[in-house]
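# Inside the fold
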Amino acid sequence: MRELAVLVLFGQAIAVNAGDCEPLVQYASHATADSQYGGFYAADQATGPPTHSGVCGTNSGGSWAPSHNDQSAHTLTLSFATPVYASRIEILEHANPSHATGFVRALEVSGAQMSAEVWRSDDETECGGWLDVSLLGSHLVAEVVVHTQTDMQAWEYIDAVRLTGSPCAPSGTPVSYT
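Note that residues are indexed from 1 along each chain, following the sequence as it is written. Per-residue local features are limited, in this predicted model, to residues with pLDDT of at least 70; the limit for side-chain atom pairs, both in listing and counting, is 80 or more; totals at the level of whole chains, interfaces and linings are taken over all residues. Side-chain numbers come from the whole structure's heavy atoms, not from hydrogens or water.

### A closer look at the overall build of the protein chain
Threshold: Working definition: helices are DSSP H or I runs of at least four residues, strands are E runs of at least two. Numbering for both runs from the N terminus. Any two residues whose heavy atoms approach within 4.5 Å at even a single point are treated as in contact. All accessibility values rest on the Shrake-Rupley procedure with a 1.4 Å probe; residue burial counts only the protein chains present in the view.
Check the secondary structure of the protein chain and you find zero helices and 10 strands. Pairs at least 24 residues apart make up 77% of the contacts formed inside the protein chain by residues separated by at least 6 positions. Summing over all exposed atoms, the protein chain offers an accessible surface of approximately 8,400 Å²; the carbon and sulfur share of this is 48%.

### Describing the state of the cysteines
For clarity, the cut-off: The disulfide definition used here is simple: a pair of cysteine sulfur atoms within 2.5 Å.
Taken as a whole and assessed by the stated rule, the structure comprises two disulfides. If you count the bonded cysteines of the protein chain from the N-terminus, they pair up as 1-4, 2-3.

### Here we look at the nonpolar core
What counts is decided by this rule: We call a set of buried Ala, Val, Leu, Ile, Met, Phe, Trp, Tyr and Cys residues a nonpolar core when their side-chain atoms join them within 4.5 Å. Here the term buried applies to any residue with accessible area under 20% of the maximum for its type, exposed to any over 50%, and partly exposed to those in between, with areas from a 1.4 Å probe on protein chains only.
Ranked by internal contacts, the top residues of the largest apolar core, which has 29 residues, are Leu-76, Leu-78, Ile-89, Leu-107, Val-146 and Ile-158. Among the elements of the structure, strand 5 (74-96), strand 6 (104-111), strand 8 (130-134), strand 9 (140-148) and strand 10 (155-166) are those that each provide at least two residues to this core. Broken down by element, this core gets its largest block of residues, eight residues, from strand 5. Leave out the neighbours within four places in its chain, and Leu-107 touches Ile-89, Ile-91, Ala-116, Glu-117, Val-118, Trp-119, Val-133, Val-144, Val-145 and Val-146.

### Concerning the environment of Thr-150
Put simply, the rule reads: By the criterion applied in these results, polar contacts are pairs of N or O atoms within 3.5 Å in which, for protein atoms, one can donate a hydrogen and the other can accept it, and in which residues neighboring in sequence qualify only through two side-chain atoms.
Examined against the element boundaries, Thr-150 turns out to sit in the loop between strand 9 and strand 10. Aside from chain neighbours lying at most four places away, what touches Thr-150 is Asp-70, Gln-71, Ala-100, Phe-103, Arg-105 and Glu-156. Among the polar contacts listed, one links the side chain of Thr-150 to the backbone oxygen of Asp-70, at a separation of 3.0 Å. Reaching out from Thr-150, the side chain makes a polar contact with the backbone oxygen of Met-152 at a distance of 2.7 Å.

### Describing the pairing of strand 9
Two faces belong to every sheet, and in a regular strand the side chains alternate between them. What counts, and what does not: A pair of strands is labelled paired if DSSP reports no fewer than 2 bridges between them.
Counting buried positions along strand 9 yields seven of nine residues, so the element is predominantly enclosed. One ladder, built from eight bridges, connects strand 5 with strand 9; its direction is antiparallel. Following the sheet pairing, Thr-75 is matched in strand 9 by His-147.

### Details of the environment of Ala-28
In this fold, Ala-28 is placed in the loop between strand 3 (24-27) and strand 4 (30-33). Separated by 134 residues in the primary sequence, Ala-28 and Arg-162 place their C-alpha atoms 6.5 Å from one another. Leaving out residues up to four positions away in the same chain, Ala-28 has contacts with Ala-46, Thr-47, Gly-48, Leu-78, Ser-79, Phe-80 and Val-161.

### Considerations on unusual backbone geometry
Of note, the amide linkage connecting Asn-96 to Pro-97 takes the cis form, showing an omega dihedral of 5 degrees. Inspection of the secondary structure assignment puts Pro-97 in the loop between strand 5 and strand 6.

### A look at the pairing of strand 10
Counting buried residues along strand 10, 11 of its 12 residues qualify, which places the element largely inside the surrounding structure. Examined bridge by bridge, strand 3 and strand 10 share four bridges and lie antiparallel to one another. Within the sheet, the bridge partner assigned to Gln-26 lies in strand 10 and is Leu-163. In this structure, strand 5 lies alongside strand 10, joined through 11 bridges in antiparallel fashion.

### Focus on the pattern of salt bridges
So the rule is basically this: What counts as a salt bridge is simple: a side-chain nitrogen of Lys or Arg found within 4 Å of a carboxyl oxygen of Asp or Glu.
Considering all chains together, one arrives at five salt bridges under this definition. The partner of Asp-132 in a salt bridge is Arg-88, and the shortest N-O contact between them spans 2.4 Å. With a gap of 44 residues between them, Asp-132 in strand 8 and Arg-88 in strand 5 connect regions that are remote in the sequence. Residue classification places Arg-88 among the partly exposed residues on the basis of a relative accessible area of 33%. We note a salt bridge from Arg-105 to Asp-151, for which the minimum N-O separation is 2.7 Å. Taken together, the positions of Arg-105 in strand 6 and Asp-151 in the loop between strand 9 and strand 10 put the pair 46 residues apart, joining distant regions of the chain.

Next up, the structure:
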């Protein structure tokens, strides 16, 4: 008989093989934003693998950008296909002008009837670089909310968001068996 871990997230049961507790690295599968420029700069452009990895893409589509290049606060909400006990969140940033990167102000995670701010600090990410936030793996995460605000009139771009974690509880034991 095969054992399954059953995770209940937003009222929906998700089965995970009990032996599948290895870390999973995944990119966002869905995104919404409080503001988006649209087209090649719509919220969904922040899903999937990077479009401009390793370069400073100051005016290239394939990344989320808000509707205006100003100093307003924005939120980008990203969903992931498999909820995990998150150990790492990585965000690929670009800006125009390029020295306007470092615009992420805070990160929240949500899932399994909880929501928590997990990071608030000075973002010193350079254009084309990854903001890398380590977590304890104590939150079952299905969504990440990125809070942004530039220090100057500039375009901020998020190219990709990567989530790492295990579908099993931090002890290595799945949440429950059926």
